[in-house]
Amino acid sequence: MDYAPDFSTYSYKELLEAKRYINREEYPERYDRVVELLEDPDRWPKEQTEDVIGVEGNKYATFWPRFWAAFIDSLLLGLIAIVERLVLGAEFSLDDKLVQVLNGVLFAVYSLLMHGYFGQTVGKMVMGVKVLDHQSETDIGLWQAFRRESVNLALSILSVMVVFSYTLVLESSGRITLGLAFAVMGFGILSLLWSLSEFVTMLFNEKRRALHDFIGKTVVVRI
């Protein structure tokens, strides 16, 4: 006999947890019962629901932790790049565009692997935030991390191709064709639009999910 929990004995917070983890397709009656109890205005004091919702909402307030996490990760990979060049005896130059875009690919791969295995980059570990599955709020795997990073990874690889083509044409002919100039400009606009859409999307939803979180079906929470 299938055991059915008595949700009427649950606290407001426990009902929120139940709603999050119930398999809605397998147990539609249980899900509907939980929603019914949560939405009963006579069952819960307003102050109690506001306190719980406030705590729940606060764990998604991750804009600044994510900002500083990205800053920390950038510093970390920058230091690694400097050490790498010192060990290899290569000259460091901020004007080396090809190296910069290759570092962009490295950053995307680093993010993919760290999120896939740990749910966090080093920066997120320091700032106390973690990437979870949006629906169940459980750990994600490599495939979900790949979906989440897919656009950033694709743009990083495209930027390498654009810069390489630009450098090759400039060195071989001494000038840039109009078509290539438009291609470089178009790619720059595309990258800018993607970055802006990430920022805007994060600001205008309650769980502060960026566009790549919607693609990967993920959410970032405080831990």
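Here the structure is a predicted model, which is why all the values come from computation and not from measurement.

**Student:** Quick question: what am I supposed to make of the confidence of the model for the protein chain here?
**Tutor:** Any segment with low pLDDT has predicted coordinates that should not be analysed in fine detail. Mean pLDDT over the protein chain stands at 84; residues scoring 70 or higher make up 88%. Within the protein chain, the element-level pLDDT minimum falls on helix 3 (residues 46-58), averaging 54, and the maximum on helix 6 (residues 122-127), averaging 96.

**Student:** Sorry if this is basic, but what is going on with the nonpolar core here?
**Tutor:** Soluble globular proteins tend to bury their nonpolar side chains together. Listed in full, the 11 residues of the largest apolar core are F7, Y12, L15, L16, A18, I22, Y31, V34, V35, L37 and L38. Elements with a contribution of two residues or more to this core: helix 1 (12-21) and helix 2 (28-38). Here this core gets 5 residues from one element, more than from any other, and that element is helix 2. Ignoring any residue separated from it by four or fewer positions in sequence, one finds V34 in contact with F7, L15, A18, K19 and I22. Counting 5 residues, the second largest nonpolar core, distinct from the first, contains V129, I140, A145 and V220.

**Student:** What should I look at first to understand the layout of surface pockets in this one?
**Tutor:** Left-over empty space is what a probe sized like a water molecule reveals as it rolls over the atoms. Approximately 1200 Å³ is the volume attributed to the largest pocket. Contributions of two or more residues to the lining of the largest pocket are made by helix 4 (63-88), helix 5 (97-118), helix 7 (142-173) and helix 8 (178-203). For the lining of the largest pocket, the element with the most residues is helix 4, which contributes 12 residues. For the lining of the largest pocket, the residue count by class is 19 nonpolar, 15 polar and 8 charged.

**Student:** What am I meant to see in the packing of helix 1 against helix 2 here?
**Tutor:** Two numbers describe a pair of packed helices, the interaxial angle and the distance between the axes. Across the interface, helix 1 lies against helix 2 with an axial gap of 10 Å and an inter-helix angle of 145 degrees. As helix 1 runs across helix 2, the sense of the crossing is left-handed. Note on element contacts: helix 2 touches helix 1 through Y31, V34, V35, L37 and L38, opposite Y12, L15, L16, A18 and K19. For the contact of helix 1 with helix 2, the per-class residue count stands at 9 nonpolar, no polar and 1 charged.

Definitions and limits used
- Residues numbered from 1 in each chain as written.
- Predicted model: local features only at pLDDT ≥ 70, side-chain atom pairs only at ≥ 80, totals over all residues.
- Heavy atoms only, no water.
- pLDDT = per-residue confidence, 0-100.
- Helix = DSSP H or I, 4+ residues; strand = E, 2+ residues; numbered from the N terminus.
- Core = buried A, V, L, I, M, F, W, Y, C linked by side-chain atoms within 4.5 Å.
- Buried < 20%, exposed > 50% of the residue type's maximum accessible area, 1.4 Å probe, protein only.
- Contact = heavy atoms within 4.5 Å.
- 1 Å grid on protein atoms, 1.4 Å probe; cavity = no way out; pocket = protein on both sides within 12 Å on 5 of 7 lines; lining within 4 Å.
- Points joined across faces, edges and corners; volume = space filled by probe spheres on them.
- Nonpolar A, V, L, I, M, F, W, Y, C, P; charged D, E, K, R; others polar.
- Axes fitted to C-alpha atoms, helices over the stretch in contact; angles between N-to-C directions.
- Left-handed = near helix turned anticlockwise from the far one by under 90°.

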